[in-house]
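Commentary on secondary and tertiary structure
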Amino acid sequence: MKLSDFGYELPPERIATEPARPRDCARLLHVAGELRDWRVRDLPGLLRRGDLLVVNDTRVIPAQLSAYRGAARIGITLDRRRDDGSWRVLLRNARRVKAGDVLVIDPQFSAEVLEVLEGGAAFLRFSADDFYAALARSGALALPPYIARPEGITVQDRADYQTMFAAHEGAVAAPTAGLHFTPELAASLEEAGVEIVCVTLHVGAGTFLPVRVENLAEHRMHAERGYVSAAAAARINAMRAAGGRIVPVGTTALRVIESAAGDDGLVQAFDGETDIFILPGYRFKVADLLFTNFHLPHSTLLMLVSAFAGVERICGAYAHAIAAGYRFYSYGDACLLEKA
């Protein structure tokens with residue numbers, strides 16, 4: 001397949017720069033045999049008793065840092081933590097950085113360069129008494145580039161760009177489908193007999209990088225760290241066996257459970273990296289429906305939803321959403337996709 005197969009024109013005013021308030025009043029497009037317009041708070045009535053929502057409980061960290069190598073200012077964007085405690089990062093203004101260099105972030109926070117990789121990436125080992133406290137002190141939120149903040153990230157963004165499920169620190173970007181959920185919506189889902197289970201996929205910096213090849217067979221996904229507990233796997237399998245439908249909340253939740261599943265569709269406990277790349281033609285092993293946002297043209301996420309719901313159906317749904325004034329991308333509206 002080709003990158004150019006996944007383009008569409010979006011008027012700039014359709015890009016959401018802040019979320020709906022309250023979050024669950026965002027619009028929801030149900031994409032099935034026909035297109036129906038709802039609100040996210042209507043979700044309990046669109047699901048069935050015995051369905052299981054799978055949410056990503058990663059917590060967004062302030063992943064952008066500024067450091068100095070001598071007088072040179074170096075930009076650092078965290079990507080993912082490795083088992084040995086070091087981090088894969090993306091560097092800016094770092095042409096002369098080499099292994100052994102020390103990048104000073106603040107007087108109590110620095111990083112040693114372990115290895116410089118291609119494409120501006122590197123492995124760093126950070127020095128701080130409390131790494132996440134140091135991030136909170138010196139780091140900044142890495143909002144997507146289409147959410148312009150000329151005056152800098154706001155206090156409101158730090159609250160808005162975190163889901164109610166956030167528990168495990170490590171994501172560079174939010175699992176944005178989860179941003180629509182509120183305690184009131186969760187209570188309504190429970191009353192309707194729809195359960196929720198948590199898995200984890202720490203969204204990496206690669207989510208912001210464009211696909212640069214026309215032939216998609218040549219594209220390689222950036223790996224991201226994921227976890228599915230034995231208890232979560234057992235719950236997913238039991239709900240499926242009882243006839244319930246599995247509904248990932250967002251592409252990240254879908255990718256991690258698909259990575260954890262065998263060819264028989266049974267989900268196993270999972271603790272590792274996944275670089276799963278889902279294109280039309282992929283055979284989904286676990287997911288029955290998908291709750292997700294509207295994604296960028298030419299993105300791997302648009303390719304994934306096209307694989308799930310069908311290319312023609314997604315094209316029609318996106319055309320409808322644009323004409324009907326839906327809001328797009330991270331802070332935008334949502335859709336509920338039935339599997340093709």
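A brief report on the enclosed structure follows. Remember, predicted model here, so these are calculated numbers, not experimental data.

**Section: the overall build of the chain**
- Within the chain, the regular secondary structure consists of eight helices and 17 strands.
- The C-alpha radius of gyration of the chain comes to 20 Å, within 12% of the 20 Å expected for a compact globule of 340 residues.
- Seen through its principal axes, the chain has C-alpha atoms that stretch 60 × 45 × 40 Å.
- With 340 residues in all, the chain has 54% of them scored as buried.
- Summarising the internal contacts of the chain: among those between residues at least 6 apart in sequence, 72% fall at separations of at least 24.
- Within the structure as shown, the chain displays about 15100 Å² of accessible surface, and the carbon and sulfur contribution to it stands at 49%.

**Here's the deal with the side chain of R245**
- Considering the arrangement of structural elements, one finds R245 in the loop between α5 (230–241) and β14 (246–248).
- A polar side-chain atom of R245 sits 2.8 Å from a polar atom in the side chain of D51.
- Not counting residues within four places of it along the chain, the set of residues in contact with R245 comprises L46, L47, R48, G50, D51, L52, D288, L289 and E338.

**Details of the environment of R39**
- Relative to the elements of secondary structure, R39 occurs in strand β2 (residues 35–39).
- Judged by relative accessible area, which is 39%, R39 ranks as partly exposed.
- Spatially, the C-alpha atom of R39 lies 33 Å from that of M221, the residues being 182 residues apart in sequence.
- The residues touching R39, leaving out its near neighbours within four places in the chain, are C25, A26, R27 and L28.

**So, α5**
- Over its twelve residues, α5 extends 16 Å from the first C-alpha to the last, a length consistent with the 16 Å expected when each residue adds 1.5 Å.
- The complete set of buried residues in α5 reads A232, A233, I236, N237 and M239. Axial view of α5: buried residues confined to an arc of 165°, hence all on one face. Away from its buried face, by an angle of more than 90 degrees, α5 presents the exposed residues A230, A231 and A241.
- One or two steps after α5, the chain reaches G243, where phi turns positive at roughly 95°.

**Quick word on the nonpolar core**
- Counting 33 residues, the largest nonpolar core has Y318, F328 and L337 as its most contacted members.
- If you list the elements that add at least two residues to this core, you get β1 (27–31), α7 (300–309), α8 (311–323) and β17 (334–338).
- Here this core gets seven residues from one element, more than from any other, and that element is α7.
- Core analysis: the second largest hydrophobic core is formed by 28 residues, L65, L90, L124 and A142 among them.

**Overview of the packing of α7 against α8**
- Viewed as axis vectors pointing N to C, α7 and α8 meet at an angle of 115°, and their least axial separation amounts to 7 Å. Here α7 contributes L302, V305, S306 and A309 to the contact with α8, which in turn contributes V311, R313, I314 and Y318.
- Of the residues belonging to the contact of α7 with α8, the class tally is six nonpolar, one polar and one charged.

**Thoughts on the sheet that holds strand β15 (residues 270–274)**
- Pairing in this open sheet of five strands is mixed, and the strands run β14-β3-β12-β13-β15 from one edge to the other. Each of the sheet's edge strands pairs with one partner strand only, and the pair in question is β14 and β15. When strand polarity is set aside, the average angle formed by the axes of neighbouring strands in this sheet is 25°.
- Where strand β3 (residues 52–56) meets strand β12 (residues 195–202), five bridges bridge the pair, whose relative direction is parallel. Looking across to β12, one finds that L53 is bridged to I196.
- On the sheet, helix α6 (residues 251–260) packs against β3, β12, β13 (224–228), β14 and β15 and is oriented at approximately 85° with respect to β12.

**Brief notes about the environment of G243**
- Inspection of the secondary structure assignment puts G243 in the loop between α5 and β14.
- C-alpha of G243 to C-alpha of A309: the two residues are 66 residues apart in sequence and 21 Å apart in space.

**Observations regarding the environment of R125**
- Along the polypeptide, R125 turns up in strand β10 (residues 121–127).
- Sequence-wise, R125 and D5 are 120 residues apart; in three dimensions their C-alpha atoms are separated by 40 Å.
- When near neighbours in sequence (up to four residues on either side) are disregarded, R125 contacts D84, G85, S86, S110, A111, E112 and L114.
- Within the structure, the side chain of R125 is placed 3.2 Å from the backbone oxygen of D84, a separation counted as a polar contact.

**Brief notes about the packing of aromatic side chains**
- What the rule picks out here adds up to 18 aromatic pairs.
- Centre to centre, the rings of Y8 and Y318 are 5.3 Å apart; their planes meet at 75°, and the pair counts as edge-to-face. With Y8 in the segment before β1 and Y318 in helix α8, this pair connects stretches of sequence that are 310 residues apart.
- By relative accessible area, which is 5% here, Y318 ends up buried.
- Aromatic side chains F181 and F291 sit 5.4 Å apart centroid to centroid with 70° between the ring planes, which places their arrangement in the edge-to-face category.

**Comments concerning the sheet that holds β2**
- In space, the four strands of this open sheet follow the order β2-β1-β17-β16, with mixed pairing throughout. Of all the strands in the sheet, the pair left with one neighbour each is β2 and β16 (289–293). With direction set aside, neighbouring strand axes in the sheet form an average angle of 20°.
- The pairing of β1 with β17 spans four bridges and is classified as parallel. By the bridge assignment for β17, H30 is matched with L336.
- Of the strands in this sheet, β1, β2, β16 and β17 are in contact with α8, which crosses β1 at around 150°.

Thresholds applied
Residues numbered from 1 in each chain as written. Predicted model: local features only at pLDDT ≥ 70, side-chain atom pairs only at ≥ 80, totals over all residues. Heavy atoms only, no water. Helix = DSSP H or I, 4+ residues; strand = E, 2+ residues; numbered from the N terminus. Rg over C-alpha atoms; globule rule 2.2 N^0.38 Å. Buried < 20%, exposed > 50% of the residue type's maximum accessible area, 1.4 Å probe, protein only. Contact = heavy atoms within 4.5 Å. Areas by Shrake-Rupley, 256 points an atom, 1.4 Å probe, with all protein chains shown as cover. Polar contact = N/O pair within 3.5 Å; in protein donor to acceptor, adjacent residues only side chain to side chain. Expected span 1.5 Å × (residues − 1). Arc of directions from axis to C-beta. Core = buried A, V, L, I, M, F, W, Y, C linked by side-chain atoms within 4.5 Å. Axes fitted to C-alpha atoms, helices over the stretch in contact; angles between N-to-C directions. Nonpolar A, V, L, I, M, F, W, Y, C, P; charged D, E, K, R; others polar. Pairing = 2+ DSSP bridges. Phe/Tyr/Trp six-rings, centres within 6.5 Å; stacked < 30°, edge-to-face > 60°.

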